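# A structural walkthrough
This is what each chain is made of:
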Amino acid sequence: MEELLWLDRALHIFFGVLWIGLLYYFNFVQVPAMAEAAADADGPGPAAIGKYVAPRALLYFRHAALGTWITGAYYMMSTYGHTAAWKLGWGLESLSITYIGIGAWLGTIMLFNVWVLIWPNQKKILGIVPATDEEKATAKRIAFLASRSNTAMSIPMLMFMMATTHGLPFF
Amino acid sequence: MNPLDTIKGTLIAGFVLAAVLAYLAKCIAGM
């Protein structure tokens, strides 16, 4: 399988761009747009975004997250051994392995947020599963904070992914 | 106030986390 690692790496980058691109779309574009549409009494409202855009964006988003993690974990474990990077290169005195390990753990926490906190709550918000108004309000807050946490974590996550081969931008 | 409530606060939180983790990474790797 070693001869196919280039393909695995290419897929990891493709899924990663798709995942984080959609994460930034949600945080920088859709959430503010939905709020503005809801507040605009004379406008068309946010219903069309919720019905036609959000479910499609979430479909690509959550599967891209899964694809990114699987291809990344496979690449990391093939390159650095099965456990070294997960253990942050402890005792190995290798900055590269520590860096990729920290990036991998950040990505893993972010994947957890997508599938355990964001997607189940988005299903309630979008009406894919039944929920009361009170449950929807709670779901909205949890999904929002998980998404914002992922946006914040994406900064060190991408920095450590790059740092493995290019070094850190400071220190 | 939760910094994650605004885009600006979210980005600042991300860069602060990056700086803290960079320091910890150096300590873990023994550099």
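In case you missed it, the structure is sitting above this.
Residues and elements named next belong to chain A. Viewed as axis vectors pointing N to C, helix α1 (residues 5-39) and helix α4 (residues 133-166) meet at an angle of 125 degrees, and their least axial separation amounts to 10 Å. Taken together, the axis directions place α1 and α4 in an arrangement best described as oblique. Regarding α1 and α4, the two cross each other, and that crossing is left-handed. Seen from α1, the contacting residues are Ile20, Leu23, Phe26 and Asn27; seen from α4, they are Ser147, Arg148, Asn150, Thr151 and Ser154. Residues belonging to the contact of α1 with α4 are distributed by class as follows: 3 nonpolar, 5 polar and 1 charged.

Attention now goes to the interface of chain B and chain A. If you look at the interface, chain B gives 17 residues, while chain A gives 24 residues. The class makeup of the residues in the side of chain B that touches chain A is 13 nonpolar, 3 polar and 1 charged.

Residue and element names in this part refer to chain A. Within the secondary structure, Ala139 sits in helix α4. For the pair Ala139 and Trp119, spaced 20 residues apart in the sequence, the C-alpha separation amounts to 9.9 Å. Contact partners of Ala139, with chain neighbours within four places excluded, come to Asn121, Lys124, Ile125 and Ala131.

Residues and elements named next belong to chain A. Compared with the 50 Å implied by 1.5 Å per residue over 34 residues, the 47 Å span of helix α2 (residues 47-80) between its first and last C-alpha is a close match. The largest bend along α2 measures about 40 degrees and falls at Val53, with the proline Pro55 one to four residues further on. Among the structural elements, α1 and α3 (95-125) are those in contact with the buried residues of α2. The first or second residue beyond α2 is Gly81, which carries a positive phi of 95 degrees.

Criteria and thresholds
Throughout, residues of each chain are indexed from 1 in the direction in which the sequence is written. Each chain takes a letter, starting from A, and each ligand takes a number, starting from 1, following the order in which they are written. Given that this is a predicted model, residues contribute local features only at a pLDDT of at least 70 and side-chain atom pairs are listed and counted only at 80 or more, while totals for whole chains, interfaces and linings are drawn from all residues. Under this scheme, a helix contributes an axis fitted over its contacting stretch, all axes are lines through C-alpha atoms, and angles between N-to-C directions fall in the 0 to 180 degree range. Numbering goes from the N terminus for both helices and strands, where a helix is a DSSP run of H or I of at least four residues and a strand is a run of E of at least two. Throughout, the term roughly parallel applies to angles under 35 degrees, roughly antiparallel to angles over 145, roughly perpendicular to angles from 65 to 115, and oblique to all others. What makes a crossing left-handed is the near helix being turned counterclockwise from the far one by less than a right angle; a clockwise turn instead makes it right-handed. In this description, any two residues whose backbone-derived C-beta atoms lie within 7 Å of each other are considered to be in contact. Charged means Asp, Glu, Lys or Arg here, nonpolar means Ala, Val, Leu, Ile, Met, Phe, Trp, Tyr, Cys or Pro, and polar covers whatever is left, Gly included. For a helix, the expected span equals 1.5 Å multiplied by the number of residues minus one. Bend at a residue means the angle formed by two fitted axes: the first through the 7 residues ending at that position, the second through the 7 residues beginning there.

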